[in-house]
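# Coordinate analysis (summary)
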Amino acid sequence: MEMPGSSPSDSDPTPRAGASAAPPPRPPGAEAPPAVESGNRWPCDRAFVATFVLLAVAAIVPIWRVRFLPLLDLPNHLAAVHIWHSFDEPWTRFRDFYELSLRPAPYGAYHILTHVIAYGVGLENANRVVLSGYVLAIPAAALGWARRTRRSPWLSVLTFPLAFTLSWACGFLPFLVGVALLLAGVLALDVYLDRPSPLRGAAVALLSVGCGLSHPLILFGYYVCVAVLMLCHLPRWSRIAVALPLFAPAVALVLWQLVAFKSPMVDLRSGPRFQGVWVPWHEMLRSFPEYTLDSVSGDLDTRLFWVLLAVASLLGLSGVARVARRFLPGSSLPAREPAAPVGSLLDRLHRHRSLALCAAMAICYFLVPLHLARPFDWWFVSGRFSPFICFFGFLAITAPLQGRSRLLMAPAVVAALVLPLHLSEKYARFDERVAPFARMVERIPPGAEVLFLTLPPRTDESLIIEGTNHFSSWVQIMHGGFSADGWHNVGFPFTLKRRLPAPPSNRGEWFKPDVHGVAYDYVILRNERPDKPVFTAAHPSFRRIERDGAFTLYEHTR
């Protein structure tokens, strides 16, 4: 019986009973066996298992500690699922404003997963389950990739903080789900190319479709990884040829989306088809720590990035020194299609495919525009590749990390433990400040239409983003009705049938009582100044009924 984490590599043939465990003789100039693991097994390292479990529990604390997780776009994405999931509930009144549009569309993976899980645990808990899966999928994929590439499982510790990127702070939930699918897809393809089977092929096909349903940028990044990974598996031409048809369903889905799915997000009117904003490479390099690990106010999170980088650099130098003396061997394969000759360029490319993937993600980081205007209106594009660079870069390290050398990981363990606890404290303080908002929504009678507005300053002391900009969608989640701030231009899982007037979500100061306010029964304001009220004597039909903290509730008496 094999111990957890110690099963043979998929690229190693199963030894026959009674066969000698001694390795075959190496040809002259070939490289020595790896010191990373004993034989083809990972030793059962109880210290690692305990550390991994501890960090996994800590990583999801920020998600489950608070109700109002302050991720910028989260309310809008969750409200979209709510419209789908509760469309026929009379109290929501969604039929008055929306029509369901259930076509396989980009951004759909998050909505589909949350919608299905909500049947068992409710909407808000389903969102927490999906986000917890994303957070834990990164170190889990790192653990699997470390085993595939014969690296120490301790390297997966370095990847725990990579869940909490700037994309996390911005609440790019479909993209975040896609991150988990991309890493799982890369791992599944690597396993398949080593030893094809129908079940593994189905996993590759399913995960590639998942990437296509998650986010267009994820699909782009995944296909870049697929191309690099196939290059790293040369000269296994027949396996690569057999793997190519596995991507046909995902390609067909993309073609259908381009031809048949007309999303208002896509701007293909007259004029240039592609417009983007590139930033000089030195600016991208300077911003790399913030893009990778900056999600709350203060500089502790970016300082922890430098801790991780320092540990990785120290381990990398140790690994380089070791490889300089004794290279890691290539994996043995079935004789019908051998791998590249041991010690050859292709063999080294295969053994160091983590570095190849890291380099590919770095190229995307510097060459893709930082912002896009057409054909998609996307903010922060190339910066989303930064965690992939770190993921594959950290897992390229060849240091064995056995015995006392594991102590080198202590600073990284501390960083991976401190970061989510630090975030949870920031989130808890934010959650306390928005508690009056929840109480105001709960006191509003059923069937009333509610408008939420946030006024300058829209920032919060715990965050780097304007965390309440999309709280109109939280009103919709809690109370039903119309949200003037939903994702009306995506085309999935709903389309807009009727709307109520409202200013842009990030321009609450543009609110005009006689234009916007007349359509609503209640208005909740954040940061209304007592010396400069929004509703004056000129608006006698609006009556202030509560002020608590930063929030003020007005009733429209008509």
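Rules of the game
Residues numbered from 1 in each chain as written. Predicted model: local features only at pLDDT ≥ 70, side-chain atom pairs only at ≥ 80, totals over all residues. Heavy atoms only, no water. Helix = DSSP H or I, 4+ residues; strand = E, 2+ residues; numbered from the N terminus. Buried < 20%, exposed > 50% of the residue type's maximum accessible area, 1.4 Å probe, protein only. Contact = heavy atoms within 4.5 Å. Areas by Shrake-Rupley, 256 points an atom, 1.4 Å probe, with all protein chains shown as cover. Pairing = 2+ DSSP bridges. Axes fitted to C-alpha atoms, helices over the stretch in contact; angles between N-to-C directions. 1 Å grid on protein atoms, 1.4 Å probe; cavity = no way out; pocket = protein on both sides within 12 Å on 5 of 7 lines; lining within 4 Å. Points joined across faces, edges and corners; volume = space filled by probe spheres on them. Nonpolar A, V, L, I, M, F, W, Y, C, P; charged D, E, K, R; others polar. Patch = residues over 30% accessible without salt bridge, like charges linked within 9 Å, V, L, I, M, F, W, Y side chains within 5 Å. Salt bridge = Lys/Arg side-chain N within 4 Å of Asp/Glu carboxyl O. Phe/Tyr/Trp six-rings, centres within 6.5 Å; stacked < 30°, edge-to-face > 60°. Parallel < 35°, antiparallel > 145°, perpendicular 65-115°, else oblique. Left-handed = near helix turned anticlockwise from the far one by under 90°. Expected span 1.5 Å × (residues − 1). pLDDT = per-residue confidence, 0-100. Core = buried A, V, L, I, M, F, W, Y, C linked by side-chain atoms within 4.5 Å.

### Describing the overall build of the protein
A count of helical and extended segments in the protein gives 19 helices and eight strands. A buried classification covers 57% of the 558 residues belonging to the protein. Summarising the internal contacts of the protein: among those between residues at least 6 apart in sequence, 80% fall at separations of at least 24. Summed over its atoms, the accessible surface of the protein is roughly 23900 Å², and 64% of this surface lies on carbon and sulfur atoms.

### A word on the pairing of strand β7 (residues 542-548)
Bridge count for β7 against strand β8 (residues 551-556) is six bridges, and the pairing is antiparallel. Paired with aspartate 548 across the two strands is phenylalanine 551, which belongs to β8. Once β7 ends, the chain turns through two residues before running back antiparallel as β8, passing glycine 549 with a positive phi of about 65°.

### A closer look at the environment of glycine 133
In this fold, glycine 133 is placed in helix α5 (residues 123-148). Distance in space between the C-alpha atoms of glycine 133 and alanine 180 is 8.1 Å, their sequence separation being 47 residues.

### Overview of the pairing of β8
Within β8, six of the six residues are buried, leaving the element largely enclosed by the surrounding structure. The alternating pattern of β8 places Phe551, Leu553 and Glu555 and Thr552, Tyr554 and His556 on opposite faces, both of which are buried. In terms of strand pairing, strand β6 (residues 522-526) meets β8 through five bridges, oriented antiparallel. Residue tyrosine 522 lies in a different strand from β8, and its bridge partner there is glutamate 555.

### Examining the environment of serine 86
Summarising the element assignment, serine 86 is placed in the loop between α3 (74-85) and β1 (98-100). Between the C-alpha atoms of serine 86 and glycine 480, which are 394 residues apart in sequence, the distance is 9.3 Å. In this structure serine 86 touches Thr92 and Phe94, once residues within four positions along its chain are discounted.

### Digging into the sheet that holds β6
Across the sheet, four strands lie side by side as β4-β6-β8-β7; this open sheet has mixed pairing. Of all strands in the sheet, those with a lone pairing partner are β4 (450-454) and β7, marking the two edges. With strand direction ignored, the average angle separating the axes of adjacent strands in the sheet is 20°. Here five bridges tie β4 to β6, and the two strands are oriented parallel to one another. Across the sheet, residue valine 450 finds its bridge partner in β6, namely tyrosine 522. Where helix α18 (residues 435-443) meets the sheet, it contacts β4, β6, β7 and β8, and its direction lies at approximately 140° from that of β7.

### Regarding the layout of surface pockets
By volume, the second largest pocket is sized at about 970 Å³. What lines the second largest pocket is a set of 33 residues, among which Asp73, Asp377, His470, Trp487 and Asn489 lie closest to the centre. At the level of elements, α3 and α7 (173-194) are the ones that each hand at least two residues to the lining of the second largest pocket. Of the residues in the lining of the second largest pocket, the class split is 17 nonpolar, 10 polar and six charged.

### Overview of a nonpolar patch on the surface
A cluster of nonpolar side chains, namely Trp281, Leu285, Ile363, Phe366 and Leu367, defines an oily patch on the protein surface of about 560 Å² accessible area. Listing elements by their share of the nonpolar patch, those giving two or more residues are α12 (281-293) and α15 (353-367). Counting residues per element, the nonpolar patch draws most heavily on α15, at three residues.

### Here's the deal with the packing of aromatic side chains
In total, this model carries 36 aromatic pairs according to the counting rule given. Here the aromatic rings of phenylalanine 220 and phenylalanine 385 are separated by 6.4 Å at their centres, their planes lie at 80°, and the arrangement is edge-to-face. With phenylalanine 220 in helix α9 (residues 216-232) and phenylalanine 385 in the loop between β3 (371-374) and α16 (386-394), this residue pair connects regions lying 165 residues apart in the sequence. The class of phenylalanine 220 is partly exposed, set by a relative accessible area of 39%. Under the relative-accessibility criterion, phenylalanine 385 is labelled buried at 2%.

### Re the packing of helix α8 (residues 198-214) against helix α11 (residues 248-259)
In the contact formed by α8 and α11, the axes pass within 8 Å of each other and the chain directions differ by 20°. Taken together, the axes of α8 and α11 are roughly parallel relative to one another. For the pair α8 and α11, the sense of crossing is right-handed. Residues Ser208, Val209, Gly212 and Leu213 of α8 form the contact with α11, whose own contacting residues are Pro249, Ala250, Leu253 and Gln257. Split into classes, the residues belonging to the contact of α8 with α11 amount to five nonpolar, three polar and no charged.

### Section: α8
Look at α8: 24 Å from first C-alpha to last across 17 residues, which is about the 24 Å you get at 1.5 Å a residue. Among the residues making up α8, those that are buried are Gly201, Val204, Ala205, Leu207, Ser208, Gly210, Cys211, Gly212, Leu213 and Ser214. Looking at the buried residues of α8, the elements they touch are α4 (108-121), α7, α9 and α11.

### Re the side chain of glutamine 476
Examined against the element boundaries, glutamine 476 turns out to sit in helix α19 (residues 471-479). Not counting residues up to four positions away in its chain, the partners in contact with glutamine 476 are Ala79, His82, Ile83, Phe94, Tyr98, Gly481, Phe482 and Ser483.

### Quick look at the confidence of the model for the protein
Residues of the protein with pLDDT of at least 70 account for 86%, and the chain-wide mean is 87. Of all secondary-structure elements in the protein, the lowest mean pLDDT belongs to β3, at 81, while helix α2 (residues 61-65) reaches the highest, 98. Considering only residues more than four positions removed or in separate chains, one finds that residues 26-40, a stretch of pLDDT under 50, has 42 contacts. Here residues 326-336 scores under 50 on pLDDT; set against residues more than four positions off or in separate chains, the count is 37 contacts.

### Concerning the nonpolar core
Counting 141 residues, the largest nonpolar core has Leu158, Trp168, Met361, Phe392, Phe437 and Ile524 as its most contacted members. By size, the runner-up hydrophobic cluster in this structure holds 21 residues, among which are Ala80, Ile83, Phe482 and Phe511.

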